[in-house]
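# Understanding the architecture of this molecule
Okay, here's what each chain looks like letter by letter:
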Amino acid sequence: MARTNPVQFIQQTRSEIAKVVWPSRREVLLTTAMVLVMTVLLALFFSLVDLGLRSGLQAVLNIFGS
């Protein structure tokens, strides 16, 4: 494997960083809001699924349990 000296490495790194398209403030805020909304929706969904499974299991245990 070819070795790159530190000066070449830094030059290559800077040229690659220059190619990066950074998101605007608006894009960051919108994607953050979308992530938060999806997190809340998924938390509610899984809470409801958990509640349903727990209720169903309790009903089965009450029927066949002691």
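For the structure itself, consult the block above.
Let me begin by describing the structure that accompanies this report.

Calculation rules
Residues numbered from 1 in each chain as written. Predicted model: local features only at pLDDT ≥ 70, side-chain atom pairs only at ≥ 80, totals over all residues. Heavy atoms only, no water. Helix = DSSP H or I, 4+ residues; strand = E, 2+ residues; numbered from the N terminus. Rg over C-alpha atoms; globule rule 2.2 N^0.38 Å. Buried < 20%, exposed > 50% of the residue type's maximum accessible area, 1.4 Å probe, protein only. Areas by Shrake-Rupley, 256 points an atom, 1.4 Å probe, with all protein chains shown as cover. Salt bridge = Lys/Arg side-chain N within 4 Å of Asp/Glu carboxyl O. Expected span 1.5 Å × (residues − 1). Polar contact = N/O pair within 3.5 Å; in protein donor to acceptor, adjacent residues only side chain to side chain. Phe/Tyr/Trp six-rings, centres within 6.5 Å; stacked < 30°, edge-to-face > 60°.

## Quick look at the overall build of the protein
Assigned secondary structure in the protein consists of two helices and zero strands. Relative to the 2.2 N^0.38 estimate, which gives 11 Å for 66 residues, the radius of gyration of the protein is 26 Å and therefore markedly larger than a compact globule would have. Counting every position in the protein, which comprises 66 residues, the buried fraction comes to 0%. Summed over its atoms, the accessible surface of the protein is roughly 6,600 Å², and 70% of this surface lies on carbon and sulfur atoms.

## Some points on the pattern of salt bridges
Across all of its chains, the model carries two salt bridges by this definition. Between Glu16 and Lys19 there is a salt bridge; the shortest N-O distance is 3.2 Å. Of this pair, Glu16 and Lys19 both sit in helix H1 (residues 6-19), three residues apart, roughly one helical turn. We classify Glu16 as partly exposed; its relative accessible area is 45%. Under the relative-accessibility criterion, Lys19 is labelled exposed at 58%.

## Brief notes about H1
The terminal C-alpha atoms of H1, which comprises 14 residues, lie 20 Å apart, in line with the 20 Å expected from a rise of 1.5 Å per residue. Sparse coverage of H1 is indicated by the burial of zero of its 14 residues. At the N-terminal boundary of H1, the capping side chain belongs to Asn5, with an oxygen 3.2 Å from the backbone nitrogen of Val7.

## Looking at the packing of aromatic side chains
For the structure on display, the rule yields one aromatic pair. Here Phe45 and Phe46 contribute two aromatic rings whose centre-to-centre distance is 5.2 Å and whose plane-to-plane angle is 70°, an arrangement assigned as edge-to-face. When its relative accessible area of 47% is taken as the criterion, Phe45 is described as partly exposed. Residue classification places Phe46 among the exposed positions, given a relative accessible area of 51%.

## Some points on the environment of Leu51
Relative to the assigned elements, Leu51 resides in helix H2 (residues 25-64). C-alpha of Leu51 to C-alpha of Ile10: the two residues are 41 residues apart in sequence and 55 Å apart in space.

## Concerning the environment of Arg26
Considering the arrangement of structural elements, one finds Arg26 in helix H2. Judged by relative accessible area, Arg26 falls into the exposed class, the value being 63%. Measuring from C-alpha to C-alpha, the distance between Arg26 and Asn5 comes to 40 Å, with 21 residues separating the pair along the chain.

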